[in-house]
Amino acid sequence: MSDLTEEQKNKILKEFDKNPNIIDITKIVFEDESLDGRSKEGRSVTKFLAENGLKAKTTKHKKVESIELTEEQKAIIEERDNDDWSSLQIAKELFGNDVKKLSKEQRTVHEYTLTLEREAPPVVATSYTAPHAVSRIIKKINDSTGYGLEEDKMSRHQHTCCDRLRINLNNSRFIAIVNNYIAPRDKELFEQEFIRLTWDKPDLTPDELNLYMNVCKEIINLELITGHLQKLNEMFESADDQDEMTVRLAEIIKAKSSEYHQCESRIENLTKKLQGDRGERMKNRAKETASFLSIVQLFQEEEERKNMVRIAEMQKELIKDEAKRLEGMAAWKARVLGIGIDDVL
């Protein structure tokens, strides 16, 4: 902390009599317009005045006193609230157009609206109904993926995928998860993400199906957190002149951002596990298929070898028969010509 000279001490006392503002005194005594009460020079001035029993004034904002609403104001709030006015609109009507967002006036109006009794809109419980018709399943696939399937032009594999998807959409856990969501958009997004990720994988195991459902749940959570962050950022920008509010909002935004990144990590880890497990299984299946084909090929080669042996044996028998036949013909010709064994001898 700065040591004050006698000249500075006298000047502080002189300026204090004119204007007891700590910032103004500090700037004049030390001849520096950049100084304020939080600088080491300002703290020296404050300490010196306190030692002499003098209390300087600061520019710290006074805490806004609580606002007591009159009965007339309450009646206006109730009327405007029924007309779906926002708390900021009502506050501006009651206290003037210079009322800012998240100000004391707006918060007072908002707190009062929370005490009002409202008729809750009837909640229509909608249960998820899984599709059964192939045409509906194809439409859901096209809506979720943009693939463009046509029922009369599908391959055998695509028909198998559609049939397996129908079974998966009727899965009890899938239906339970969808029905747990209240907002129709969340229900629709969960279904679309599940279809997008699984429709072309008819070989999924029950455990893999459960993991894909978990991925879809995390995707819904990610969208909700994104919405919360957008609202918090808007509130933070509107509360730039309220130190206590901005600090609190900054803490909440930081916590939400951390939650967002954790959700992203869970999605990434689940996806890697699913791709790895299924990829390994498909690789093993390919090996088994290759082994089976090799066995078939060897079997075919063995059959071919046996056939060649049989053909060779048959040809050998034919040669023998032909030789005998030719031998017989020679003897017959000799007889026809009148040549016999007796004539030669």
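Everything quoted here is computed from the prediction, not taken from an experiment.

Participant: Even after reading the chapter, I still don't get the packing of helix 7 (residues 134-145) against helix 10 (residues 184-198), so can you show me in this structure?
Facilitator: Between two packed helices, what matters for the description is the angle formed by their axes and the separation of those axes. It is the contact of helix 7 with helix 10, at a shortest axis distance of 9 Å, that shows an interaxial angle of 95 degrees. By the criterion of interaxial angle, the relationship of helix 7 to helix 10 is roughly perpendicular. Residue-level inspection shows Lys-140, Ile-141, Ser-144 and Thr-145 of helix 7 in contact with helix 10, the latter providing Glu-191, Gln-192, Ile-195 and Arg-196. In terms of residue class, the contact of helix 7 with helix 10 is built from two nonpolar, three polar and three charged.

Participant: Please clarify how the packing of helix 10 against helix 11 (residues 206-238) should be interpreted in this entry.
Facilitator: For the pair helix 10 and helix 11, interaxial distance at closest approach is 9 Å and the crossing angle is 135 degrees. Our classification of the angle between helix 10 and helix 11 gives oblique. Considering the relative orientation of helix 10 and helix 11, their crossing is right-handed. Every residue of helix 11 that contacts helix 10 at Asp-186, Leu-189, Phe-190, Glu-193, Phe-194, Leu-197 and Thr-198 is listed here: Leu-209, Tyr-212, Met-213, Val-215, Cys-216, Lys-217, Ile-219, Ile-220, Glu-223 and Leu-224. Split into classes, the residues belonging to the contact of helix 10 with helix 11 amount to twelve nonpolar, one polar and four charged.

Participant: I'm lost on the side chain of Glu-15 in this one. Help?
Facilitator: Here Glu-15 shows up in helix 1 (residues 6-18). A relative accessible area of 12% means that Glu-15 is categorised as buried. Filtering out sequence-adjacent residues up to four positions away, Glu-15 remains in contact with Ile-25 and Ile-28.

Participant: I would appreciate a short explanation of helix 9 (residues 172-180) in the present structure.
Facilitator: The periodicity of an α-helix, 3.6 residues per turn, causes residues three or four positions apart to be oriented the same way. Burial in helix 9 covers these residues: Phe-174, Ile-177 and Val-178. Burial along helix 9 is one-sided: seen end-on, the buried residues are contained in an arc of 100 degrees. What points out from helix 9, more than 90 degrees from its buried face, is the exposed set Ser-172 and Asn-180. Two or three places before Arg-173, at the opening of helix 9, Asn-171 has a side-chain oxygen 2.8 Å from that residue's backbone nitrogen.

Participant: I keep staring at the nonpolar core and nothing clicks. Help me out?
Facilitator: Taken as a class, soluble globular proteins show a tendency for nonpolar side chains to be buried jointly. Ranked by size, the top nonpolar core spans 41 residues in total, and within it Ile-141, Leu-169, Phe-174, Phe-190 and Phe-194 carry the most contacts. Those elements that place two or more of their residues in this core are helix 7, helix 8 (156-169), helix 9, helix 10, helix 11 and helix 12 (243-336). Ranked by the residues each element gives to this core, the list is headed by helix 11, at twelve residues. Apart from the residues lying within four places of it in its own chain, the contact partners of Phe-190 are Phe-174, Ile-177, Val-178, Tyr-181, Met-213, Cys-216, Lys-217 and Ile-220.

Participant: I'm lost on the packing of aromatic side chains in this one. Help?
Facilitator: Think of a pair of aromatic rings as described by two things: how far the centres are apart, and how the planes are tilted against each other in angle. This model, assessed by the stated rule, comprises five aromatic pairs. Aromatic side chains Tyr-147 and Trp-199 sit 5.2 Å apart centroid to centroid with 65 degrees between the ring planes, which places their arrangement in the edge-to-face category. One end of the pair, Tyr-147, is in the loop between helix 7 and helix 8; the other, Trp-199, is in the loop between helix 10 and helix 11, and 52 residues separate them in sequence. By relative accessible area, which is 7% here, Trp-199 ends up buried. Measuring from ring centre to ring centre gives 5.5 Å for Phe-174 and Phe-190, while their planes differ by 35 degrees; the resulting arrangement is tilted.

Participant: Hey, could you run me through helix 4 (residues 71-82) in this one?
Facilitator: In this model helix 4 runs 17 Å from its N-terminal to its C-terminal C-alpha over twelve residues, within 8% of the 16 Å that 1.5 Å per residue would give. Turning to helix 4, its buried residues number three or more, namely Gln-73, Ile-77, Arg-80 and Asp-81. In an axial view of helix 4, the angular spread of the buried residues amounts to 100 degrees, which keeps them on one side of the axis. Summarising the geometry of helix 4, the exposed residues directed more than 90 degrees from the buried face are Glu-71, Glu-72 and Asn-82. Buried positions along helix 4 lie against helix 5 (87-95) and helix 6 (104-114).

What counts and what doesn't
- Residues numbered from 1 in each chain as written.
- Predicted model: local features only at pLDDT ≥ 70, side-chain atom pairs only at ≥ 80, totals over all residues.
- Heavy atoms only, no water.
- Axes fitted to C-alpha atoms, helices over the stretch in contact; angles between N-to-C directions.
- Helix = DSSP H or I, 4+ residues; strand = E, 2+ residues; numbered from the N terminus.
- Parallel < 35°, antiparallel > 145°, perpendicular 65-115°, else oblique.
- Contact = heavy atoms within 4.5 Å.
- Nonpolar A, V, L, I, M, F, W, Y, C, P; charged D, E, K, R; others polar.
- Left-handed = near helix turned anticlockwise from the far one by under 90°.
- Buried < 20%, exposed > 50% of the residue type's maximum accessible area, 1.4 Å probe, protein only.
- Arc of directions from axis to C-beta.
- Polar contact = N/O pair within 3.5 Å; in protein donor to acceptor, adjacent residues only side chain to side chain.
- Core = buried A, V, L, I, M, F, W, Y, C linked by side-chain atoms within 4.5 Å.
- Phe/Tyr/Trp six-rings, centres within 6.5 Å; stacked < 30°, edge-to-face > 60°.
- Expected span 1.5 Å × (residues − 1).

These values are about where atoms sit, not about what they do.
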